[in-house]
Amino acid sequence: MSTKLALLLTTLGAVGMVHGHGVISSPPRRQPGSAFQSACGLQMYQVVSSDQYGNQQGAEQNINSETTAACTLYLCRGMQYADNTANVQHYTAGQSVPISIDIRAPHTGVANVSIVDTTTNTIVAGPLYNILDAYSTAHTIPANQTSFSITIPNLGGACSTAGKCVIHWWWDARPIDQTYMSCVDFTQ
């Protein structure tokens, strides 16, 4: 592939993601890095790195021959634990964890926060917080949708190894077919 064609494809892929929408802003969420690039490919790395607020469907438009099975887009939007080992939080059972969400462009949908096992991509606890009318365009977004707390349940040792579990924020705006997600690595 010529350099000009590769640049054009990268630019076109980024156009659909220019208007970012939402992420966890606190605690520290998974970020893209070299492991993400290895798993998902250079094109997707460039697009996702330039707009971490983008939607799932926009990221999927950048799947190509460089994308491997390790690029699990429906788990933490493909972000890899190996890029985020310095951001692992430690929480105890019963601990209240404040969550902040940064919404750059609202879209009516539903959202929730759960604890997900990253080896199986299954929910092990939750939803711990549920929003049935999330980030609506029909009214002002209530403060409890962008700043709230979850209580960490007793996970019975299921999340004692770093990288095994994440706090997973998921927002689905069905009317416009866009899904957003962020993950926070933690141990208990």
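Small disclaimer: the values here were computed from a predicted structure and weren't measured.

Reading the values: the criteria
Numbering of residues begins from 1 in every chain and follows the order in which that chain's sequence is written. Only residues with pLDDT of at least 70 are given local features in this predicted model, and only at 80 or more are side-chain atom pairs given and counted; all residues enter the totals for whole chains, interfaces and linings. Only hydrogens and water are set aside; all other atoms, that is, all heavy atoms of the structure, feed into the side-chain values. Only Phe, Tyr and Trp rings are paired, with Trp represented by its six-membered ring, and only when their centres lie within 6.5 Å; those with planes under 30 degrees apart are stacked, over 60 edge-to-face, the remainder tilted. Working definition: helices are DSSP H or I runs of at least four residues, strands are E runs of at least two. Numbering for both runs from the N terminus. A simple rule labels every residue: compare its accessible area, found with a 1.4 Å probe on the protein chains alone, to the largest value its type can have, and call it buried under 20%, exposed over 50%, or partly exposed in between. For two strands to be treated as a pair, DSSP must find at least two bridges joining them. Whenever a helix is involved, its axis is fitted only over the stretch in contact; in every case the axis is a line through C-alpha atoms, and angles between N-to-C directions fall within 0 to 180 degrees. Taking the helix axis as origin, the arc is that swept by the directions to the C-beta atoms.

Draft legend 1. Just the packing of aromatic side chains, in detail. In the structure shown here, the tally under the stated rule is seven aromatic pairs. Centroid distance Tyr-135 to Trp-171: 4.7 Å. Interplanar angle 65°. Geometry classified as edge-to-face. Separated by 36 residues along the polypeptide, Tyr-135 in the loop between β5 (122-134) and β6 (147-151) and Trp-171 in strand β7 (residues 165-173) bring together distant segments of the chain. Ring centres of Trp-169 and Trp-171 lie 6.1 Å apart, and the angle between their planes is 45°; on these two criteria the pair is classed as tilted. Neither Trp-169 nor Trp-171 differs from the other in exposure class; each is buried. Here the aromatic cluster, defined as three or more aromatic residues joined through ring pairs, consists of Tyr-135, Trp-169, Trp-171 and Tyr-180.

Draft legend 2. Molecular detail of the pairing of strand β4 (residues 109-117). Most of β4 is tucked away, with eight of its nine residues classed as buried. Bridging between β4 and β5 involves seven bridges; their strand directions are antiparallel. Note that in β5 the partner of Val-116 across the bridge is Ile-123. Two elements, β4 and β7, share eight bridges in a ladder whose sense is antiparallel. Residue pairing in the sheet places Asp-117 in a bridge with Cys-165 of β7.

Draft legend 3. Highlighting the sheet that holds β6. Ordered in space as β1-β3-β6, the three strands form an open sheet in which the pairing is antiparallel. Of all the strands in the sheet, the pair left with one neighbour each is β1 (22-26) and β6. For this sheet the average axis-to-axis angle between neighbouring strands, irrespective of direction, equals 40°. Bridging between β1 and strand β3 (residues 96-103) involves four bridges; their strand directions are antiparallel. When the sheet's bridge partners are listed, Val-23 is paired in β3 with Asp-102.

Draft legend 4. Seen up close, helix α3 (residues 42-50). Looking only at α3, the buried set comprises Gln-43, Met-44, Val-47 and Val-48. Each buried residue of α3 lies within a common arc of 115° when the element is viewed along its axis, so the set occupies one face.

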